[in-house]
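Read off the chains here:
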Amino acid sequence: MLEIKNLHVKLEEEDKVILRGVDLSIGAGEVHAIMGPNGSGKSTLSYVLAGRDGYTVTDGSASLEGAELLEMEPEERAAAGLFLAFQYPVEIPGVGNMTFLRTAVNAQRKARGEAELTAGDFLKVVREKARALKIDAEMLKRPVNVGFSGGEKKRNEILQMAMLEPRMCILDETDSGLDVDAMKLVADGVNALRGAGRSFLVITHYQRLLDHIKPDVVHIMAAGRIIRSGGPELALEVEMNGYADILGEVG
Amino acid sequence: MALPQAKDDALTARLSALALPESAGWLGAARSEARARLLAMGLPVRRDEYWRYTDPSSLVAPAAPVAVRFNPGDEPEAFDAIDRLKIVFVDGVFDADASDDLTLSGVEIERLDRAGQADIHWAQGTYGVLEARGQTPVARPFAALNSAYATDGILIRVTGRAARPVALVYVHSSETSDAILHHCVKLEAGSNLTLLESGPAAARFNKVLEVEVGDGAEFHHIRVQGRDHERRAATHLFARVGAGASFRSFTLTANGRLTRNEAVIELAGPAARAHLAGAAVGDGDFHHDDTVFVTHSAPNCESRQVFKKVLMNGATGVFQGKILVRPGAQKTDGYQISQSLLLDEDSQFLAKPELEIYADDVKCSHGSTSGAIDETALFYLQSRGLPRTVAQGLLVLAFLAEAIEEVADEAIADDIRSRLEGWLARHAAKAGK
Ligand SMILES: Nc1ncnc2c1ncn2[C@@H]1O[C@H](COP(=O)(O)OP(=O)(O)OP(=O)(O)O)[C@@H](O)[C@H]1O
Ligand SMILES: [Mg+2]
């Protein structure tokens with residue numbers, strides 16, 4: 001599904017290197033988790049994959065189902081099936097959540113040569129999915145993320161993911177800021193989307209989320225590299241001992 | 001007092017190309033008075049403080065600079081879907097065939113030149129009168145020129161609730177047309193009218209609209225300035241708003257080499273309300289100037305100015321806005337915001353917001369900003385699959401929303417939005433990356 005090879009990334013504006021050779025291969029239907037200390041480059045990796053400006057790829061490649069990702073505009077990556085749930089979802093005053101969702105769904109359908117959803121069909125689907133995430137109708141009417149609590153923003157990300165039905169979902173700390181019940185809701189939302197060859201890359205600091213969303217592989221990222229990969233037990237090790245041992249071994 | 005030579009020269013040159021229309025009745029007298037005002041003022045030159053950001057030379061020139069007519073393609077005419085009484089002017093001349101019958105329940109509509117022959121007419125108290133009051137503290141010579149030389153116009157007296165909106169439709173036909181129109185609207189106490197204006201009018205257009213809003217009356221004005229690229233326009237809107245009355249005006253401007261829209265509004269009676277809003281979008285050789293002067297003369301009045309501009313490829317936006325609160329106008333609530341969204345670094349926004357307050361119990365706020373599009377928001381939208389141009393269009397409409405909110409009628413607001421969407425779809429791609 002997602003193949004990242006020797007990815008080196010620096011900031012466009014300054015000579016700061018952030019990713020120093022990331023290798024990652026996620027098969028269809030797999031769930032991978034990335035953990036790692038603050039500032040190790042996890043969000044940067046997700047932004048570079050999604051196509052955010054401001055970074056320069058100095059070496060390496062990334063492909064989604066065989067298509068070169070790094071050449072594409074962000075919207076083309078989305079249409080190709082990539083989705084990023086932002087660590088910090090963006091507030092957009094003046095743009096209604098519904099308008100935004102509908103425009104996004106139809107833009108992707110159009111890009112893939114599918115018919116646009118009618119207003120009625122769209123409403124039905126969005127109401128149903130919002131209900132499952134306990135997002136009330138009033139929130140859907142508000143401008144995108146404006147005045148949403150931290151947890152509401154994260155649930156709104158998952159709603160977008162559920163509406164867009166991407167092939168490759170990257171969740172950047174979707175669990176942070178969520179209360180226990182909301183975490184369960186979000187995990188249920190994610191699990192409902194599992195299968196059908198859909199893959200996930202879950203960035204998190206806490207083992208807790210991985211109790212709900214069982215990963216196939218856990219990676220540890222430090223200083224712009226993946227320094228260790230293993231099974232779910234790796235997350236437990238981090239939870240108990242922190243990163244000192246792992247960093248020590250490698251360092 | 002002698003005029004500065006440059007102003008006098010400009011005036012002489014301009015007047016050499018004009019003939020004072022003959023009017024036997026009250027209008028003749030009003031024209032002579034206006035002409036006297038004009039002669040005492042001269043015409044503006046670039047050095048004038050009030051014309052610091054906008055070069056008046058193409059407005060002053062004896063002949064209208066050539067303006068090629070613009071073909072709007074398959075875009076429907078503004079307000080096409082609104083049930084309205086249409087009054088059409090072609091290059092500034094009333095076109096009876098293209099216009100509807102001028103009878104409307106609750107409203108009296110007359111042509112200016114016909115009504116002007118009478119000895120006594122209600123419009124005597126309005127024509128050139130609000131304009132003359134609006135000449136202090138700042139001179140507005142193009143308005144005085146208009147009162148003296150206007151060749152056509154419409155007089156509207158509203159006595160009840162207008163059965164439907166009155167729409168002034170301005171058609172631009174000749175590449176060198178130079179139109180001067182003057183309209184007066186008088187709303188009697190408690191009456192109600194929506195006035196629509198649309199179209200590019202002429203190669204060069206000088207228009208004055210004077211509005212007297214009687215006590216408790218409601219006036220709603222929505223204007224869509226035609227999207228001819230090369231047209232030039234200097235317009236003035238003078239209004240006096242009576243006790244408990246409501247005045248609302250919204251203008252959409254797309255394209256145009258030069259537009260100077262002046263609004264001079266006086267809140268004359270207690271608890272009067274005036275809302276003025278503008279949304280302007282310009283690409284390239286576009287210069288748009290909103291110059292607004294709101295005077296609070298009575299207590300408990302509310303005024304609101306919301307002006308938004310979207311500029312790209314070297315377009316220029318100007319805002320000069322003032323709120324004057326006279327002594328005794330206590331409990332004034334004044335709000336003014338002017339903002340521009342610059343889609344590139346070549347475009348510019350020049351703003352001069354001012355407050356002048358002579359009462360102690362007032363609430364006035366003003367703000368002016370100019371900024372680029374929010375790249376983070378743009379990326380967020382794109383990451384959900386919206387093409388950059390569509391994402392930018394959404395953000396631009398969001399930016400303009402506060403101005404469009406001043407259009408109360410939803411069908412008219414939708415018309416405005418769809419016009420903007422069309423314009424953005426045609427131009428956003430050019431805004432580049
Ligand atoms: N635009 C930027 N300008 C300056 N520094 C940046 C920028 N983007 C990323 N960085 C730096 O790159 C490093 C990696 O940041 P990144 O956000 O990817 O870390 P992270 O692993 O997601 O951390 P966290 O766990 O705290 O979310 C940090 O040192 C960060 O300060
Ligand atoms: Mg991060």
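Structure's up top.
Everything numeric here is computed off the predicted structure, so don't read it as measured data.

### Here's the deal with the overall build of chain B
Phase 1 of the analysis: Looking only at helices and strands, chain B features nine helices and 20 strands.
Phase 2 of the analysis: Compactness check: chain B gives a C-alpha radius of gyration of 21 Å against a globular reference of 22 Å for 433 residues, within 12% of the reference.
Phase 3 of the analysis: Over its C-alpha atoms, taken along the principal directions, chain B stretches across nearly 70 × 50 × 50 Å.
Phase 4 of the analysis: Burial statistics for chain B: of 433 residues in total, 60% are counted as buried.
Phase 5 of the analysis: Between the averaged position of the 45 positive side-chain charges in chain B and that of its 58 negative side-chain charges there is a distance of 2 Å.

### Let's talk about the coordination of the magnesium ion (ligand 2)
All names here are of chain A.
Phase 1 of the analysis: Note on the magnesium ion (ligand 2): its protein donors are Ser43 (OG) and Gln87 (OE1). The metal-donor distances range over 2.0 to 2.2 Å. With Ser43 in helix 1 (residues 42–50) and Gln87 in the loop between strand 6 (82–85) and strand 7 (92–96), this residue pair connects regions lying 44 residues apart in the sequence.
Phase 2 of the analysis: The class for Ser43 is buried, based on a relative accessible area of 17%.

### Here's the deal with the pattern of salt bridges
Close approach of charged atoms allows side chains with opposite charge to pair.
Phase 1 of the analysis: Applying the stated criterion across every chain, the model contains 46 salt bridges over all chains.
Phase 2 of the analysis: Put simply, B:Glu75, B:Arg227, B:Asp415, B:Arg419 and B:Arg426 are held in one network by salt bridges that share partners.

### Points about the sheet that holds strand 17 (residues 316–325) of chain B
All names here are of chain B.
Phase 1 of the analysis: Pairing is mixed in the open sheet, where 10 strands are placed in the order 3-4-5-7-9-11-13-15-17-19. Edge strands, defined here as strands with exactly one partner in the open sheet, are strand 3 (103–104) and strand 19 (348–357).
Phase 2 of the analysis: One ladder, built from nine bridges, connects strand 13 (residues 258–267) with strand 15 (residues 287–296); its direction is parallel. Note that in strand 15 the partner of Glu262 across the bridge is Thr291.

### Comments concerning the site of ligand 1
Residues and elements named next belong to chain A.
Phase 1 of the analysis: Around ligand 1 sit 15 residues in total, of which Gly39, Lys42, Ser43, Thr44 and His205 are the nearest.
Phase 2 of the analysis: In this structure, an oxygen atom belonging to ligand 1 sits 2.5 Å away from a side-chain N or O atom of Thr44.
Phase 3 of the analysis: Here ligand 1 has 630 Å² of accessible area as a free molecule, and 65% of this is covered by the chains.
Phase 4 of the analysis: Here the shell around ligand 1 gets three residues from one element, more than from any other, and that element is helix 1.
Phase 5 of the analysis: Split by residue class, the shell around ligand 1 holds four nonpolar, eight polar and three charged.

### Brief notes about the environment of B:Ala2
Phase 1 of the analysis: Its place among the elements puts B:Ala2 in the segment before helix 1 (5–16).
Phase 2 of the analysis: C-alpha of B:Ala2 to C-alpha of B:Ile337: the two residues are 335 residues apart in sequence and 38 Å apart in space.

### Focus on the sheet that holds strand 12 (residues 225–230) of chain A
All names here are of chain A.
Phase 1 of the analysis: Here we have six strands laid out as an open sheet, ordered 6-9-10-3-11-12, and mixed in their pairing. Edge positions in the open sheet fall to strand 6 and strand 12, since each of these has one partner strand only. Here the strands of the sheet are splayed against their neighbours by 20 degrees on average, with no regard to which way each runs.
Phase 2 of the analysis: As paired strands, strand 3 (residues 31–35) and strand 11 (residues 217–222) are joined by four bridges and run parallel to one another. For Ala33, the partnering residue across the bridge sits in strand 11 and is Val218.
Phase 3 of the analysis: The strands touched by helix 6 (residues 150–164) within the sheet are strand 6, strand 9 (168–172) and strand 10 (199–203), with strand 6 carrying the most contacts at an inclination of about 165 degrees.
Phase 4 of the analysis: Contacts from helix 9 (residues 233–241) reach strand 3, strand 11 and strand 12, with the element oriented near 115 degrees to strand 12.

### What about the interface of chain B and chain A?
Phase 1 of the analysis: If you look at the interface, chain B gives 18 residues, while chain A gives 30 residues.
Phase 2 of the analysis: Interface area, chain B with chain A, both sides summed: about 1900 Å², of which 68% is carbon and sulfur.
Phase 3 of the analysis: Among the residues chain B hides against chain A, the three largest losses belong to B:Phe379, B:Tyr380 and B:Arg384. Together they make up 42% of the total.
Phase 4 of the analysis: Here chain B is connected to chain A by one salt bridge.
Phase 5 of the analysis: Applying the counting criterion to the chain B and chain A interface returns nine residue pairs in polar contact (both at pLDDT 80 or more).
Phase 6 of the analysis: At the level of secondary structure, the elements contributing two or more residues to the side of chain B that touches chain A comprise helix 7 (375–383) and helix 8 (388–404) of chain B.
Phase 7 of the analysis: In terms of residues, the side of chain B that touches chain A owes the most to one element, helix 7 of chain B, which gives eight residues.
Phase 8 of the analysis: When grouped by side-chain class, the residues that make up the side of chain B that touches chain A number 10 nonpolar, four polar and four charged.

### A few points about unusual backbone geometry
Residues and elements named next belong to chain B.
Phase 1 of the analysis: Here Thr136 and Pro137 are connected by a cis peptide whose omega angle stands at 0 degrees.
Phase 2 of the analysis: Turning to its location among the elements, Pro137 is positioned in the loop between helix 5 (129–133) and helix 6 (141–149).
Phase 3 of the analysis: In the Ramachandran plot, Phe79 falls in the positive-phi region, its phi being about 60 degrees despite a non-glycine side chain.
Phase 4 of the analysis: With respect to the element layout, Phe79 can be found in the loop between helix 3 (57–60) and strand 1 (85–90).
Phase 5 of the analysis: By relative accessible area, Phe79 is classed as buried at 1%.

### Side note on the nonpolar core
Residue and element names in this part refer to chain B.
Phase 1 of the analysis: Counting 122 residues, the largest nonpolar core has Phe250 and Ile416 as the members making the most contacts within it.
Phase 2 of the analysis: Top element by residues in this core is helix 8. It accounts for 10 residues.
Phase 3 of the analysis: Those residues in contact with Phe250 that sit more than four places away from it in its chain are His221, Ile222, Arg223, Ala277, Gly278, Ala279, Ala403, Ile404, Val407 and Ile416.
Phase 4 of the analysis: Leu193, Val213, Phe219 and Leu311 belong to the second largest nonpolar core, which has 52 residues in total.

### Focus on the side chain of A:Lys153
All names here are of chain A.
Phase 1 of the analysis: Among the secondary structure elements, Lys153 is positioned in helix 6.
Phase 2 of the analysis: Take Lys153: its relative accessible area is 16%, and that puts it in the buried class.
Phase 3 of the analysis: At 2.9 Å, the side chain of Lys153 forms a polar contact with the side chain of Glu91.
Phase 4 of the analysis: Dropping the residues within four chain positions of it, Lys153 is found in contact with Pro89, Glu91, Asn145 and Phe148.

The rules behind these values
- Residues numbered from 1 in each chain as written.
- Chains lettered and ligands numbered in written order.
- Predicted model: local features only at pLDDT ≥ 70, side-chain atom pairs only at ≥ 80, totals over all residues.
- Heavy atoms only, no water.
- Helix = DSSP H or I, 4+ residues; strand = E, 2+ residues; numbered from the N terminus.
- Rg over C-alpha atoms; globule rule 2.2 N^0.38 Å.
- Buried < 20%, exposed > 50% of the residue type's maximum accessible area, 1.4 Å probe, protein only.
- Lys, Arg positive; Asp, Glu negative; His and termini not counted.
- Charge placed at Lys NZ, Arg CZ, Asp CG, Glu CD.
- Donors = N, O, S within 2.8 Å, 3.2 Å for Na, K, Ca; no water.
- Salt bridge = Lys/Arg side-chain N within 4 Å of Asp/Glu carboxyl O.
- Pairing = 2+ DSSP bridges.
- Near = heavy atom within 4 Å.
- Polar contact = N/O pair within 3.5 Å; in protein donor to acceptor, adjacent residues only side chain to side chain.
- Areas by Shrake-Rupley, 256 points an atom, 1.4 Å probe, with all protein chains shown as cover.
- Nonpolar A, V, L, I, M, F, W, Y, C, P; charged D, E, K, R; others polar.
- Axes fitted to C-alpha atoms, helices over the stretch in contact; angles between N-to-C directions.
- Contact = heavy atoms within 4.5 Å.
- Buried area = accessible area lost by both parts, 1.4 Å probe.
- Core = buried A, V, L, I, M, F, W, Y, C linked by side-chain atoms within 4.5 Å.

None of this, on its own, says anything about what the molecule does.
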